[in-house]
Amino acid sequence: MGENIEFKYTVENGEFQRAGEASSDVKQKLKAMGVDPSIVRKVAIAMYEGEVNMVIHANGGEITVTVDPDKIKMVLDDVGPGIPDVEKAMEPGFSTADDNVRSLGFGAGMGLPNMKKNSDNINIDTTPGKGTKITMEVDLKEA
Amino acid sequence: MKVNDLIKKDLFKVINEGSDTDREIGKVFCCDLLSIAMGKAPAACCWVTVMGNINTLAVATLTDAAVLILAENAALDDAALNKAKEQGVTVLSSADPIFDTALKVYESL
Ligand SMILES: Nc1ncnc2c1ncn2[C@@H]1O[C@H](COP(=O)(O)OP(=O)(O)O)[C@@H](O)[C@H]1O
Ligand SMILES: [Mg+2]
């Protein structure tokens, strides 16, 4: 893996049925590239949580995944409502999800904590009313 | 025990035979809340749930579960079945409640 490889995805608004397609695709691609299964799993889980959040909280968005020799970087960019209090949003159990989302088994407020747990580095850049950009990195070297 | 060994035991109905039935089954994991399963399902687990929607399949795929068992004869809708086929996830079904289903798997591990 000399050069950086990039994958781009558009996550559609309200497409709850399709949430996970981008993450599944990345998972398959990383697997095919021979990335260690435990690292693929971390990327898949972290990205899926972010993808679901884009669908349920932010009217969709764009995801860019870059694979470079020492890490996998995911950038999740949306023009949704933003997160007014990031510290609070990171607390396990905090959620603003509605009943419809909850009836599907989501909205327990575990997504952001799980993104943190499964990435080696996470940065949340958000502006209320403008959108949210979440950058997560998973290291490849410890494999 | 491998996934295909579990299938051969004939304890459960086969809804979809996945692409990697030669996989070793790790822990048995019970949970119906996808948000929690997403954080807690161990890789290679046998996941027992009554939640059979398409998102269950996404979670099973992304957490790398070895096999999914739907307890209480919980139905898998068409979209979810297609996803299972597409992603090669083994899905079994049981008439028993979650605990009894999980216990059956546990006792045969
Ligand atoms: N991309 C996003 N845009 C706007 N708000 C978000 C976004 N991601 C997360 N949030 C906010 O942070 C809260 C916590 O997120 P999370 O831990 O994933 O839990 P859940 O999705 O179950 O509500 C959400 O309920 C929502 O209010
Ligand atoms: Mg979430």
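A brief structural summary. (Residues numbered from 1 in each chain as written. Chains lettered and ligands numbered in written order. Predicted model: local features only at pLDDT ≥ 70, side-chain atom pairs only at ≥ 80, totals over all residues. Heavy atoms only, no water.)

## A closer look at the sheet that holds strand β1 (residues 13-16) of chain B
Residues and elements named next belong to chain B.
- A sheet is described by the order of its strands in space; here 5 strands give the open sequence β1-β5-β4-β3-β2, paired in mixed fashion. Taken across any chain shown, the strands that pair with only one partner, and hence form the sheet edges, are β1 and β2 (28-30). On average, each strand axis in the sheet is tilted by 25 degrees relative to the strand beside it, whichever way the strands run.
- Here β2 pairs with strand β3 (residues 46-49) via 3 bridges, running parallel. Within β3, the position partnered with C30 by the bridge is V48. (Pairing = 2+ DSSP bridges. Helix = DSSP H or I, 4+ residues; strand = E, 2+ residues; numbered from the N terminus. Axes fitted to C-alpha atoms, helices over the stretch in contact; angles between N-to-C directions.)

## Examining the site of ligand 1
All names here are of chain A.
- Close to ligand 1 lie 19 residues, the nearest being H57, S95, T96, G109 and L112.
- Within the backbone of G111, one N or O atom sits 3.2 Å away from an oxygen atom of ligand 1.
- The protein chains hide 95% of the 530 Å² of surface that ligand 1 would expose on its own.
- Its residues placed into classes, the shell around ligand 1 shows 9 nonpolar, 9 polar and 1 charged. (Near = heavy atom within 4 Å. Polar contact = N/O pair within 3.5 Å; in protein donor to acceptor, adjacent residues only side chain to side chain. Areas by Shrake-Rupley, 256 points an atom, 1.4 Å probe, with all protein chains shown as cover. Nonpolar A, V, L, I, M, F, W, Y, C, P; charged D, E, K, R; others polar.)

## A look at the interface of chain B and chain A
- Listed per partner, the contact involves 21 residues of chain B and 22 residues of chain A.
- Across the interface of chain B and chain A, roughly 1800 Å² is buried in total on both sides, 52% from carbon and sulfur atoms.
- Three residues stand out in chain B for area buried against chain A, namely S35, M38 and L62 of chain B, and they jointly supply 34% of the buried area on that side.
- Applying the counting criterion to the chain B and chain A interface returns 1 salt bridge.
- In this structure, K27 of chain A engages D64 of chain B in a salt bridge whose closest nitrogen and oxygen atoms are separated by 3.1 Å.
- Across the contact surface, chain B and chain A share 11 residue pairs in polar contact (both at pLDDT 80 or more).
- Looking at the side of chain B that touches chain A, the elements with two or more residues in it are α2 (34-40), α3 (54-62) and α4 (78-87) of chain B.
- When residues in the side of chain B that touches chain A are grouped by element, the largest group, 6 residues, is from α3 of chain B.
- In terms of residue class, the side of chain B that touches chain A is built from 12 nonpolar, 7 polar and 2 charged. (Contact = heavy atoms within 4.5 Å. Buried area = accessible area lost by both parts, 1.4 Å probe. Salt bridge = Lys/Arg side-chain N within 4 Å of Asp/Glu carboxyl O.)

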